[in-house]
Amino acid sequence: MDDLSLSELRAKDVVNTLDGKRLGKVMDIEFNACNGQVEALVIPGEFRISDVIKGEKTGIVIPWCNICKIGENVILVQVDTENTPET
């Protein structure tokens, strides 16, 4: 796979292959500081007014192993959104 920047990842829609739903766009990444490898993508979670007031961002963490394919415009993932941890 070619190298991708965070800005390139953020421009792509994330779609869950389990139910076909669009989950949103990448808002952040988690990476291993020792080896520099990306370990997970973070997409926006549920919008809660209390989080906005506190200045907090919530997101759904998608482990790298759950990414099926990164295409030109879309990132296909396979996640159980009911049991996926939020940040």
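This text follows the structure it describes.
Procedures and definitions
Residues numbered from 1 in each chain as written. Predicted model: local features only at pLDDT ≥ 70, side-chain atom pairs only at ≥ 80, totals over all residues. Heavy atoms only, no water. Salt bridge = Lys/Arg side-chain N within 4 Å of Asp/Glu carboxyl O. Buried < 20%, exposed > 50% of the residue type's maximum accessible area, 1.4 Å probe, protein only. Helix = DSSP H or I, 4+ residues; strand = E, 2+ residues; numbered from the N terminus. Pairing = 2+ DSSP bridges. Axes fitted to C-alpha atoms, helices over the stretch in contact; angles between N-to-C directions. Core = buried A, V, L, I, M, F, W, Y, C linked by side-chain atoms within 4.5 Å. Contact = heavy atoms within 4.5 Å.

Points about the pattern of salt bridges
- Within the structure shown, the criterion is met by two salt bridges.
- Here D13 makes a salt bridge to R22, at a shortest N to O gap of 3.0 Å.
- Looking at D13, the relative accessible area reads 22%, which means it is partly exposed.
- Of the charged contacts in the structure, one is a salt bridge between K25 and D13, with a shortest N-O distance of 3.2 Å. With K25 in strand β2 (residues 22–25) and D13 in strand β1 (residues 13–16), the pair connects residues that are 12 residues apart, well separated along the chain.
- Looking at K25, the relative accessible area reads 34%, which means it is partly exposed.
- Salt bridges sharing common partners tie together D13, R22 and K25.

Here we look at the sheet that holds strand β7 (residues 74–77)
- What the four strands build is an open sheet, ordered β2-β1-β7-β6; its pairing is mixed. The sheet terminates laterally at β2 and β6 (67–70), the two strands that pair on one side only. Neighbour-to-neighbour, the strand axes of the sheet open up by a mean angle of 20°, direction not taken into account.
- Alignment of β1 against β2, held across three bridges, turns out to be antiparallel. What sits directly across from D13, in β2, is K25.

Quick word on the nonpolar core
- In terms of nonpolar packing, the biggest core is built from 13 residues, with V14, L23, I62, I75 and V77 touching the most fellow members.
- Looking at this core, the elements that each hand over two or more residues are β4 (38–44), β5 (59–63), β6 and β7.
- Discounting residues that sit within four places of it in the chain, V77 has contacts with V14, V15, N16, T17, L23, I62, N66, I67 and C68.

A word on the environment of K21
- Topologically, K21 is positioned in the loop between β1 and β2.
- For K21, a relative accessible area of 52% translates into the label exposed.
- The contact partners of K21, leaving out residues within four places of it in the chain, are V14, V15 and N16.

Structural notes on the sheet that holds β4
- If you trace the three strands from one edge of the open sheet to the other, you get β3-β4-β5, paired in antiparallel fashion. Here the strands that pair on one side only, and so sit at the sheet edges, are β3 (28–31) and β5. Within this sheet the neighbouring strands show an average axis-to-axis angle of 25°, counted without direction.
- As paired strands, β3 and β4 are joined by four bridges and run antiparallel to one another.

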